[in-house]
Amino acid sequence: MKKTIIAALLIALLLTALTACTGEPEILIPSPAPSTEVPAAEFDRGVIGDWYGIFSVGDAGGKYGPNSGKANDCAVRLALNDYGEGPFYCVINGLGDGYFADCRAYADKTGVVVQGTVGGERVDWRFDMLGGKLSLSELYGGGDDYMRVEIVLRHCGDDWAADARRPAGLDHVTENGFYGVVAQMGGDPANMPAVSGEGLNLRLTTDEKQTLGPEFDADGRTVSQNGHFSIVMPEGFSVLSDGELFAITSRDGRVRIVYYLEQSEKAPLEALTEHMQGLGHDDIYRYEIDGYDCYATVVRGDNASNVVLIGNKNPGTLLKVNLLLSETDPVNALDGLPDYMQAVLGLLVRE
């Protein structure tokens, strides 16, 4: 009897073992978990670094209509990680660096996409990389209120000789280096994102060039008789007056630039308002010249034009520069003959 029971138990165990071998395994071996690492993006790493160029508005309508045809210099830093992503830092001369503060850049093999908010408007813009330039042409706004925005950039220090247009301040930046150019254009260098890596184009960083510009009486500079002013004399210009009003003029008489200091308690922008043409005037440019915080505007006359620049460094004293042009369209004149602005931006003031 006992032998029969034992034999039955062995048969039952054997059947159980056979069933386990032919059925689902009791221990499941999981497959490898999917990787959470994102592979490094394939993009042109040559876009990383610092760029300089022109921000302009073509056709515009509605509330943006007055901006049609305006242009100014701009500087851009692209600080991208291994995935081709990073902040898009852009400072437009006279407008500062706040407009693109909420934007990010995404690079690929042929260019850079910029996404974010600019002045309350959502943008999804693309720069195309072609011939060493980053170029953008996009629509801002919509409906009746719109602007066609164009930005053309070259790496800081690159040659613009082959371009029909070039930045108005290129000669000044090329001659004096890129130290402080962000601050000169109204931006805050502290807002620039850090960039690291080998072989990068870093020309705007303060650690790349620690220079405050040329000496007051360095070779190639003309010092006024009163000792207050030192300028880089543009080719074809000569001294017209060397007294308290330091003036130079072009050989053909089409341009006259007058420098002088005036005692005043007004701030530069306040003093500039008397030269503005009515309410809502927005042709205001900002520069830093030898420590002077300067603002400029364009005054158009019937037969001539005048670029008025006012700045101060010490309370109670204003630096004033009048750039008198025989042309009625000073924007075209300045774009075509950048030596004019070189003369203004190449100014040093001793006091």
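Quick note: structure is the one above.
Residues numbered from 1 in each chain as written. Predicted model: local features only at pLDDT ≥ 70, side-chain atom pairs only at ≥ 80, totals over all residues. Heavy atoms only, no water.

Another point: the pattern of salt bridges. For the structure on display, the rule yields ten salt bridges. Where E85 meets R104, a salt bridge forms, and the shortest distance between an N and an O atom there is 3.1 Å. Here the residue E85 occupies a position in strand β3 (residues 85-92), and R104 occupies one in strand β4 (residues 104-107), the gap between them amounting to 19 residues. Exposure remark for R104: the relative accessible area of 33% places this residue in the partly exposed category. Overlapping salt bridges bring together D108, R126 and D128 as one network. (Salt bridge = Lys/Arg side-chain N within 4 Å of Asp/Glu carboxyl O. Helix = DSSP H or I, 4+ residues; strand = E, 2+ residues; numbered from the N terminus. Buried < 20%, exposed > 50% of the residue type's maximum accessible area, 1.4 Å probe, protein only.)

Taken in spatial order, the seven strands line up as β11-β12-β13-β17-β16-β15-β14 in an open sheet, and their pairing is antiparallel. Whereas interior strands pair on both sides, the edge strands pair on one side only; in this sheet they are β11 (237-242) and β14 (284-289). Each strand axis lies, on average, 20 degrees off the axis of its neighbour in the sheet, ignoring direction. One ladder, built from seven bridges, connects strand β16 (residues 305-312) with strand β17 (residues 317-325); its direction is antiparallel. (Pairing = 2+ DSSP bridges. Axes fitted to C-alpha atoms, helices over the stretch in contact; angles between N-to-C directions.)

Turning our attention to the nonpolar core. Side chains of nonpolar character tend, in soluble globular proteins, to be buried together. Formed by 35 residues in total, the largest nonpolar core has its most connected members in L78, F88 and F127. Secondary-structure elements contributing two or more residues to this core are β1 (49-61), β2 (71-78), β3, β4, β5 (111-118), β6 (121-130), β7 (133-142) and β8 (145-155). Discounting chain neighbours no more than four positions away, the residues touching F88 are V76, R77, L78, F100, C103, R104, A105, V114 and F127. (Core = buried A, V, L, I, M, F, W, Y, C linked by side-chain atoms within 4.5 Å. Contact = heavy atoms within 4.5 Å.)

Burial runs high along β16: seven of the eight residues are buried. Direction of pairing for strand β15 (residues 292-300) relative to β16: antiparallel, over a ladder of eight bridges. The residue bridging V298 from the neighbouring strand is V307, located in β16. Between β15 and β16, which pair antiparallel one after the other, the connecting turn spans four residues. Hairpin connection from β16 to β17: four residues lie between these consecutive antiparallel strands, with G316 at a positive phi of about 95 degrees.

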